[in-house]
Amino acid sequence: SGLGVVTTLIAVAMPVFSMLPLGLSLLLLPRAAAYVHNARLAVRSPTSARSAASVTPTRLPSSPTMDAENDFGLALGQKYGPTSPAHPQEKPWTNTLTQEDVQIVKAASNDLRDPLISDMANEEIYVNKDTIHILKHHGSYMQQNRDLKKKAEREKSYQFMLRLKVPCGEVPAALFRELDDLSNKYGQGDLRATTRQAFQLHGVLKGDLKKVISTIANVGSHTYGGCGDINRNVMVPAVHFPNNPAYVYAQKYSKAIADLFKPMSNAFNEIWLDGEKAATVEYWQKDIEEFNLDEVRNYDNGNGIITGHPVEPIYGRTYLPKKFKIAFTVPGDNSVDLYINDIGCVVVMEPDGVTLKGFNIVVGGGMGRTHRKESTFARAADHLGFVKKDDFFEAMKAIIATQRDHGNREVRASARLKYLVHTLGIDKFRSLVEKYHGKPFEPWVPLPEWKYLDWMGWHEQGDGKLMLGVNVEQGRVRDTPELRLKTCLRTLVDNYGVDLLLTPSQSIVLRNIDPAHKYNVEAVLREHGVKLIHEIDAITRKSIACPSFPLCGLAMAEAERVQPQINARLNAKLREMGMANDEFVTRTTGCPNGCARPYMAEIAFVGSGPNSYQLWLGGSPNQAERTGMATSIFKMPLTDLEQTVEPIFAMWKSQRNAPDEALGDFCHRVGVDKVEEFMQSYEPGSWKTMPSPFAPTPLPAPDANVGISSELLEKLTTEATARDMDPASLLDMIVREALEG
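Small disclaimer: the values here were computed from a predicted structure and weren't measured.

(A) A look at the overall build of the chain. Broken down by element type, the chain carries 25 helices and 20 strands. By the compact-globule yardstick of 27 Å for 741 residues, the chain fits well, its C-alpha radius of gyration being 28 Å. Put simply, the chain has 741 residues, and 56% of those count as buried. In the chain, the share of contacts with a sequence separation of at least 24, taken over all contacts with a separation of at least 6, comes to 70%. Carbon and sulfur atoms make up 54% of the accessible area of the chain, which amounts to about 30,900 Å² in all. The averaged location of the 89 negative side-chain charges in the chain is 6 Å from the averaged location of its 83 positive side-chain charges.

If you want it as structure tokens, here you go:
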């Protein structure tokens, strides 16, 4: 009977636990208790037992006593990997005795198939814990609606988010039409542009996953590698300049790298396409045919890059230790937040401006961290060096192989490439990569100063067509009574044949617009409540936020849903203090994992609890070469936003060393300690007695009068005060600009 099985389990388990060391007993006892609990549930109800098991791991945690070779060792025929590096390197972890649980799941997955296949075949509305990790590699996360307060209701709300893999953020018209229809029929009616230039589709039920994923694949896109411990979506500036060689190379090579580092297992086609090829070839393949990437992927330089694995020549049995992110750009354009990536590549041209010379490469950037755990941290990438174009693919393979073999697989929180680079130092890391590459990197080629560009507004493409950047607050493409953005985009796609480019700042660039249609396009935008960029304030334009609640399982505080409120309140405080002309990069996340890149912002709010945020200051306004700094303010209630930022703004206004010294540069220069010292002694409203050293000089006594209405004078006075000016000076400036251009 069921009770007899439970009794037998307990009778057998207790003597075993009594013989184990105390530490191991304490480690295993809770898991064993969970199994007994599930068995008891099974006696009462088989269905409830399956429900409980769905949130219970299916294996014991990894330990020094596990079978390393079978649990996470090399596959049959594989020569190199994390348990047998091609080039040994001393470091605090070995990856040979124990590895964290996700590595075990990947090793047992039969090249990303199991247990996903069996889970997709059952009638449950969820998948089990091990399947969650494998499903990520196929581009999907399981989620619940955390707005539902009752556990019973939440357990009925299981749903899945799908993340597309679209190199360069390119979304052709045909793909957008399909996503629009799919989100209406199978999702929650909206799409979300991510900070890595991809679309996410939320609210898909498990029973609809195959239909949605196969439809996306058959239109020439896919979700394979949208998440998981492999190379994610490759970023590039969201522009279309077909006659600008540097930008063309950035886009072409980003597509090539996306294809080079895709998983080679046929699991995706087997599970979602019944083993068949997609009906349409990926739309970016035509741009990279010249590279013969299958040959590039399998080429073995004899230095340990190629693993010998029969399916995954570069990744091997257990793929990478954790997610991996790559971005491309051209000199000066830092729209991609280059320094937050595992690898960042900068196009370097020959002096003729036409011929590609090679790439500058940065390594070791990343945002994820854990609150109050100093061993985890945000990090800006280091300069690795320059590589000629003919050596580029092998150099990139060498970096991937280095992380594959030496990344930390024992502690998942320390698994990203940034921790390997930080542990070894950039010089030792470079030397290690060079062993795989078989040749040295050349010195970094000097570059112009970086600029943080977002490509909003109208731009000429250079081929007779136009592109238009449209601001999308927090990337949410949906329809509301006030703003019908989703319908607007569908109208433009259907009637004007435009294609989309998703930006790293969660907005959208419409490309290939006929100049004759410019004003028609603007009319469609206005008809649907979509503002042109000159109608968007600078704070909103430069802000991004992660989705957070209600669907993210890691969220501690709101982000996307409060970012518009935060922007409005920051703007109001600036205007009140006569700083309406000032602007900065601000970002909000619901947890410390950093999906919205908060640690690069000039001022950021990182969720640390319900309606509470850790305050970060001092990132570069151009997102270049440094992170911001954490303050001691760990749980700022959102209600305290104004009283928290007022002294910071007052200090910035009164002590900056130039009229254009950015907030992030100012905080970095004086340091967080000085800022907090100022905040502690600051009295609310004191900014009124702290004049700016760079305030506009008032006009001399006027020698003429101009009559304006009292209503206009009131508005002029309000706007002048918001800019720390007197009304006469503002009026004089407006008139002169209008007359003199």
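We are not done yet, so read on.
(B) Here's a closer look at helix H20 (residues 563-576). When the terminal C-alpha atoms of H20 are compared, their 20 Å separation across 14 residues agrees well with the 20 Å that a helix rising 1.5 Å per residue should span. Looking only at H20, the buried set comprises Gln563, Ile566, Asn567, Arg569, Leu570, Asn571, Lys573 and Leu574. Of the surrounding secondary structure, the elements contacted by the buried residues of H20 are helix H19 (538-541), strand E15 (544-545), strand E16 (586-589), strand E17 (603-609), helix H21 (641-655) and helix H24 (710-722). Residue Gly578 follows H20 closely and has a positive phi angle near 75°.

(C) Representation of the sheet that holds strand E6 (residues 326-329). Overall, mixed pairing links the four strands, which are arranged E6-E7-E8-E9 in an open sheet. Strands with a single pairing partner mark the edges of an open sheet, and in this sheet they are E6 and strand E9 (382-388). Averaged over all adjacent pairs, the angle separating strand axes in this sheet is 25°, with direction ignored. Sheet topology note: the strand E8 (residues 356-363)/E9 ladder contains six bridges and is antiparallel. Of the residues in E9, the one forming a bridge with Gly358 is Lys388.

(D) Structural context of the packing of H20 against H21. Put simply, H20 and H21 touch, their axes get as near as 10 Å, and they point 45° apart. Comparing their axes, H21 and H20 come out oblique. With respect to the hand of their crossing, H20 and H21 are arranged in right-handed fashion. Together, Ile566, Arg569, Leu570, Lys573 and Leu574 of H20 and Leu641, Glu642, Val645, Glu646 and Phe649 of H21 make up the contact between the two elements. Looking at the contact of H20 with H21 residue by residue, the classes come out as six nonpolar, no polar and four charged.

(E) Local environment of the state of the cysteines. Counted according to the given criterion, the structure contains zero disulfides. Unpaired in this structure, Cys546 has its nearest cysteine sulfur neighbour in Cys595, at a distance of 6.2 Å. Classification of Cys546 by relative accessible area gives buried; the value is 10%. No disulfide involves Cys591; its nearest neighbouring cysteine sulfur is the one of Cys552, lying 5.8 Å away.

(F) Main features of the pairing of strand E2 (residues 159-163). In terms of burial, E2 is largely enclosed, as five of its five residues are buried. Alternating residues of E2 divide into Gln159, Met161 and Arg163 and Phe160 and Leu162, and every residue in both groups is buried. Here four bridges tie strand E1 (residues 140-143) to E2, and the two strands are oriented antiparallel to one another. Across the sheet, Met142 pairs through a bridge with Phe160, a residue of E2. In terms of strand pairing, E2 meets strand E5 (residues 199-204) through three bridges, oriented antiparallel. Bridging from a neighbouring strand, Leu162 pairs with Leu201 of E5.

(G) Here's a closer look at the confidence of the model for the chain. Mean pLDDT over the chain stands at 91; residues scoring 70 or higher make up 91%. Note on residues 1-64: pLDDT under 50 across the span, and 60 contacts to partners over four residues away in sequence or across chains.

(H) Representation of the packing of aromatic side chains in the model. With the rule as written, the count across this model stands at 24 aromatic pairs. Ring plane angle 70° and centroid distance 5.9 Å describe the contact between Phe328 and Phe392, whose orientation is recorded as edge-to-face. Taken together, the residues Phe328 in strand E6 and Phe392 in helix H14 (residues 392-406) connect sequence positions 64 residues apart. No difference in accessibility class separates Phe328 from Phe392, as the two residues are buried. Among the aromatic residues, those joined into a cluster by ring pairs are Tyr253, Phe291, Phe328, Phe359, Phe392 and Phe393.

(I) Focus on the sheet that holds E5. The five strands lie next to each other as E1-E2-E5-E4-E12, forming an open sheet whose pairing is antiparallel. Each of the sheet's edge strands pairs with one partner strand only, and the pair in question is E1 and strand E12 (476-477). Alignment of strand E4 (residues 191-193) against E12, held across two bridges, turns out to be antiparallel. Following the sheet pairing, Arg192 is matched in E12 by Arg476. Packing against the sheet, helix H10 (residues 209-218) makes contact with E1, E2 and E5, and its axis sits at approximately 10° to E2.

(J) Examining the nonpolar core more closely. In terms of nonpolar packing, the biggest core is built from 125 residues, with Phe199, Phe328, Ile361, Phe392 and Phe429 touching the most fellow members. Filtering out sequence-adjacent residues up to four positions away, Ile361 remains in contact with Ile343, Gly344, Asp382, His383, Leu384, Gly385, Val387, Phe392, Met396, Ile399, Phe441 and Trp444.

(K) Representation of the layout of surface pockets within the structure. As a volume, the second largest pocket reaches approximately 750 Å³. Those elements that place two or more of their residues in the lining of the second largest pocket are helix H12 (267-272) and helix H13 (293-298).

(L) Unusual backbone geometry, seen in detail. Cis geometry is found at the peptide bond from Asp114 to Pro115, where omega equals 0°. Note on placement: Pro115 falls in the loop between helix H5 (101-107) and helix H6 (116-121). The residue after Phe549, namely Pro550, is reached through a cis peptide bond having omega 10°. When you line up the elements, Pro550 lands in the loop between E15 and H20.

(M) Quick peek at the environment of Asp180. Considering the arrangement of structural elements, one finds Asp180 in helix H9 (residues 173-185). For Asp180 and Arg478, which are 298 residues apart along the polypeptide, the C-alpha to C-alpha distance reads 9.8 Å. In this view, Asp180 contacts Leu191, Lys486 and Arg490; residues no more than four positions away in its chain are not counted. Reaching out from Asp180, the side chain makes a polar contact with the side chain of Lys486 at a distance of 2.5 Å.

(N) Highlighting the pattern of salt bridges. Overall, the coordinates contain 45 salt bridges when judged by the stated rule. Across the pair Glu558 and Arg561 runs a salt bridge whose closest N-O atoms are separated by 2.7 Å. As a salt-bridge pair, Arg656 and Asp582 come within 3.0 Å of each other at their nearest N and O atoms. Highlighted residues: Arg656 in the loop between H21 and helix H22 (663-670) and Asp582 in the loop between H20 and E16, separated in sequence by 74 residues. Residue classification places Arg656 among the buried residues on the basis of a relative accessible area of 8%.

Rules of the game
- Residues numbered from 1 in each chain as written.
- Predicted model: local features only at pLDDT ≥ 70, side-chain atom pairs only at ≥ 80, totals over all residues.
- Heavy atoms only, no water.
- Helix = DSSP H or I, 4+ residues; strand = E, 2+ residues; numbered from the N terminus.
- Rg over C-alpha atoms; globule rule 2.2 N^0.38 Å.
- Buried < 20%, exposed > 50% of the residue type's maximum accessible area, 1.4 Å probe, protein only.
- Contact = heavy atoms within 4.5 Å.
- Areas by Shrake-Rupley, 256 points an atom, 1.4 Å probe, with all protein chains shown as cover.
- Lys, Arg positive; Asp, Glu negative; His and termini not counted.
- Charge placed at Lys NZ, Arg CZ, Asp CG, Glu CD.
- Expected span 1.5 Å × (residues − 1).
- Pairing = 2+ DSSP bridges.
- Axes fitted to C-alpha atoms, helices over the stretch in contact; angles between N-to-C directions.
- Parallel < 35°, antiparallel > 145°, perpendicular 65-115°, else oblique.
- Left-handed = near helix turned anticlockwise from the far one by under 90°.
- Nonpolar A, V, L, I, M, F, W, Y, C, P; charged D, E, K, R; others polar.
- Disulfide = S-S within 2.5 Å.
- pLDDT = per-residue confidence, 0-100.
- Phe/Tyr/Trp six-rings, centres within 6.5 Å; stacked < 30°, edge-to-face > 60°.
- Core = buried A, V, L, I, M, F, W, Y, C linked by side-chain atoms within 4.5 Å.
- 1 Å grid on protein atoms, 1.4 Å probe; cavity = no way out; pocket = protein on both sides within 12 Å on 5 of 7 lines; lining within 4 Å.
- Points joined across faces, edges and corners; volume = space filled by probe spheres on them.
- Polar contact = N/O pair within 3.5 Å; in protein donor to acceptor, adjacent residues only side chain to side chain.
- Salt bridge = Lys/Arg side-chain N within 4 Å of Asp/Glu carboxyl O.

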